[in-house]
Amino acid sequence: MYRKILLINLFALIGLLSASAVEMPYVHDPVVAEYNGVYYLFCTGRGITVMSSTDLKDWKRERPVFDEPPVWAMEAVPGFRGHIWAPDIIYKNGLYYLYYSVSSFGKNTSCIGVAVNKTLYPSSPDFRWNDMGKVLQSVPNRDMWNAIDPNIIIDRNGEAWMNFGSFWEGIKLVKLDNEMVSLAQPEEWYLLSRRPREPEEADDNPGSGAVEAPFIFERGDYYYLFVSFDYCCRGEDSDYKVVVGRSKDVTGPYYDRDGVDMLEGGAEVVISGNKRFPGVGHNSVYTFDGKDYMFFHAYDMEENGRSRLLVRELRWDNDGWPTAEL
């Protein structure tokens, strides 16, 4: 009996070591959709980077979503040449909707667009990304919010909402229409999360309110709002971390474990950096085969601070709060 237990533990350890030895690809801002046993990952990159996997470990590079930058985006965002940020993918109405960001770094000269496809399988005769154009735009000195980092949540009533944002006044939520490509009318807006800005910070500057990359995940009686605090995109100096709050209503308010509103900077830490990965963030969460997984990027000190994909199982404590480990 003891020998059997020892062998089982040894095999489990070998499996764990093998899994940790897998070289994950370099990505920023990963989101995933499963289609007929294949996982398709979309992330920041020229034309929107696409990868596929059958096991969430080995990833194959696919053709990007766009061969050429959308014309409307080049007109709306001066200097944009096709490097597209922070997509999100969702299936509804018999279509896959891929939302994406175009922006000027450090400014809220930004737009969120959407493309649709009947399938994710590249060899299908129905495979074609049709760009539906701009959904939302932010303009410096007009808007105290930033139209990037979209995430779509379908609420319990079947209504679609887009949460988005970065720095400035923080994370916004706006209702979409039934076609999923425009805002619902009359418009319905909510503020979900923000961090204090210094009073002297100019309106056209992102400021010190470092919150971005929202993702809402429904579990049980709650909607969980994941956001990333602090700073990405600084390689070894990144100090990104994932935090969360929850609400029984998709429109909020969202509170942390101690009952602090996320509008007041409330945050329950889900995962933060360590010596090898000083910054971890911009996550997405999915349930595959009965398990909840968190996808995110991490700045790897063993790769000179390059941003690598990490996938971790999301655990839930007895009070219903999520955690993940590096």
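Residues numbered from 1 in each chain as written. Predicted model: local features only at pLDDT ≥ 70, side-chain atom pairs only at ≥ 80, totals over all residues. Heavy atoms only, no water.

*Asks:* I keep staring at the sheet that holds strand β3 (residues 45-46) and nothing clicks. Help me out?
*Replies:* Strands pair in a sheet through their backbones, by hydrogen bonds, and they do so in one of two ways: parallel or antiparallel. Taken in spatial order, the 5 strands make up an open sheet running β3-β6-β7-β8-β9, and their pairing is antiparallel. Looking at the sheet topology across the chains shown, the edges are occupied by β3 and β9 (130-138). Relative to strand β6 (residues 83-92), β3 runs antiparallel, the two sharing 2 bridges. Its bridge partner being in β6, G45 is matched across the sheet by I84. (Pairing = 2+ DSSP bridges. Helix = DSSP H or I, 4+ residues; strand = E, 2+ residues; numbered from the N terminus.)

*Asks:* For this particular structure, what's the right way to read the layout of surface pockets?
*Replies:* Sizing a probe to match a water molecule and rolling it over the atoms shows the empty space that remains. A volume near 530 Å³ is recorded for the second largest pocket. Looking at the lining of the second largest pocket, the element that brings in the most residues is β6, giving 3 residues. Partitioned by chemical class, the residues of the lining of the second largest pocket number 11 nonpolar, 11 polar and 6 charged. (1 Å grid on protein atoms, 1.4 Å probe; cavity = no way out; pocket = protein on both sides within 12 Å on 5 of 7 lines; lining within 4 Å. Points joined across faces, edges and corners; volume = space filled by probe spheres on them. Nonpolar A, V, L, I, M, F, W, Y, C, P; charged D, E, K, R; others polar.)

*Asks:* I would appreciate a short explanation of the sheet that holds strand β19 (residues 291-300) in the present structure.
*Replies:* The antiparallel open sheet is built from 3 strands, whose spatial order is β18-β19-β20. Each of the sheet's edge strands pairs with one partner strand only, and the pair in question is β18 (280-288) and β20 (306-313). Each strand of the sheet is rotated relative to its neighbour by a mean of 20 degrees, with strand direction disregarded. The pairing of β18 with β19 spans 7 bridges and is antiparallel. (Axes fitted to C-alpha atoms, helices over the stretch in contact; angles between N-to-C directions.)

*Asks:* Mind showing me how you'd approach empty space enclosed by the protein here?
*Replies:* As enumerated under the stated definition, the model contains 1 cavity of 30 Å³ or more in all. Considering only enclosed or pocket space, the largest cavity measures out at about 70 Å³ in volume. Residue lining of the largest cavity: 14 residues in total, with V31, P150, P214, F215 and H282 positioned closest to the centre. Elements with a minimum of two residues in the lining of the largest cavity: β6, β14 (211-219) and β18.

*Asks:* Sorry, what's going on with the environment of V269 here?
*Replies:* Relative to the helices and strands, V269 is located in strand β17 (residues 268-271). In the structure, V269 is positioned 25 residues away from V244 in sequence and 6.4 Å away in space, judged by C-alpha atoms. Other than its neighbours up to four places away in sequence, V269 contacts V242, V243 and P322. (Contact = heavy atoms within 4.5 Å.)

In short, shape yes, function no, at least from these values alone.
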